[in-house]
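# Breakdown of the fold
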Amino acid sequence: MDAHRLEQNLILVFAAVMGVFFAMVVAAAVVFGINPAASAGFINPLIVDQTEFANPGLRNMGDNKYDIYILAQMWVFDAGSEEMTADGVQIVRVPEGAEVTFYVTSRDVTHGFIIEYHNLNLELVPGQIATGTITFDRPGTYRMICHEYCGRGHQDMNLQFIVESASA
Ligand code: CUA
């Protein structure tokens, strides 16, 4: 009998702990707005050239808001920019304060990216369109870096954002 009571108490304790964890997940989502990265939809990665990713690049949506379409592939982020660093990394220029919504997909293998000093970190699964929005508040140069090992050129896979001062 005592053993049963002990078991019953343990079950109550475990149930309470699970309840606390569940409440934390709900609170994180509802109160603090912490959610899994969103997907903007799915495409067939074999016919990426017949989608909006055929013409990647920055689209001015007005009011200092931008959409950017970026196609990831071994081992470049193609943002449709013709301006490049000496190493062949594309450069994207946005004005200070620009709110940029990313639409990024992969043509081949799983890639991922973070934007230095900004809160955006997404996995790029072929066939899936990853999306997220950040505001470039401070002028400067920020790299978008592939953070999922994707082959021998992985460490060179990046894109450069230059945030231009509003007073310049
Ligand atoms: Cu792309 Cu690592």
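So, here is what we can say about the structure in this document.

Turning next to the pairing of strand β8 (residues 121-124). Burial along β8 is one-sided: the residues Leu122 and Leu124 are buried and none of Asn121 and Glu123 is. In the sheet, strand β7 (residues 111-115) pairs with β8 via four bridges, with the strands oriented antiparallel. What sits directly across from His111, in β8, is Leu124. A loop of five residues connects β7 with β8, the two strands running antiparallel in sequence, and Tyr117 in this loop sits at a positive phi of about 65 degrees.

So, on to the side chain of Gln73. Looking at where Gln73 falls in the secondary structure, it is placed in strand β3 (residues 65-73). A polar contact is formed between the side chain of Gln73 and the side chain of Arg107, at a distance of 3.1 Å.

Let's shift gears to a nonpolar patch on the surface. A contiguous nonpolar surface patch, about 890 Å² in accessible area, is contributed by Leu6, Leu10, Val13, Phe14, Val17, Met18, Val20, Phe21 and Met24. Positionally, Leu10 belongs in helix α1 (residues 2-30). The exposure class assigned to Leu10 is partly exposed, which follows from its relative accessible area of 39%.

We now examine the pattern of salt bridges. This model, assessed by the stated rule, comprises four salt bridges. For Glu116, the salt bridge goes to Arg143, with nearest N and O atoms at 2.9 Å. Separated by 27 residues along the polypeptide, Glu116 in the loop between β7 and β8 and Arg143 in strand β10 (residues 140-145) bring together distant segments of the chain. Residue classification places Glu116 among the buried positions, given a relative accessible area of 19%. We classify Arg143 as partly exposed; its relative accessible area is 37%.

Analysis parameters
Residues numbered from 1 in each chain as written. Predicted model: local features only at pLDDT ≥ 70, side-chain atom pairs only at ≥ 80, totals over all residues. Heavy atoms only, no water. Buried < 20%, exposed > 50% of the residue type's maximum accessible area, 1.4 Å probe, protein only. Helix = DSSP H or I, 4+ residues; strand = E, 2+ residues; numbered from the N terminus. Pairing = 2+ DSSP bridges. Polar contact = N/O pair within 3.5 Å; in protein donor to acceptor, adjacent residues only side chain to side chain. Patch = residues over 30% accessible without salt bridge, like charges linked within 9 Å, V, L, I, M, F, W, Y side chains within 5 Å. Areas by Shrake-Rupley, 256 points an atom, 1.4 Å probe, with all protein chains shown as cover. Salt bridge = Lys/Arg side-chain N within 4 Å of Asp/Glu carboxyl O.

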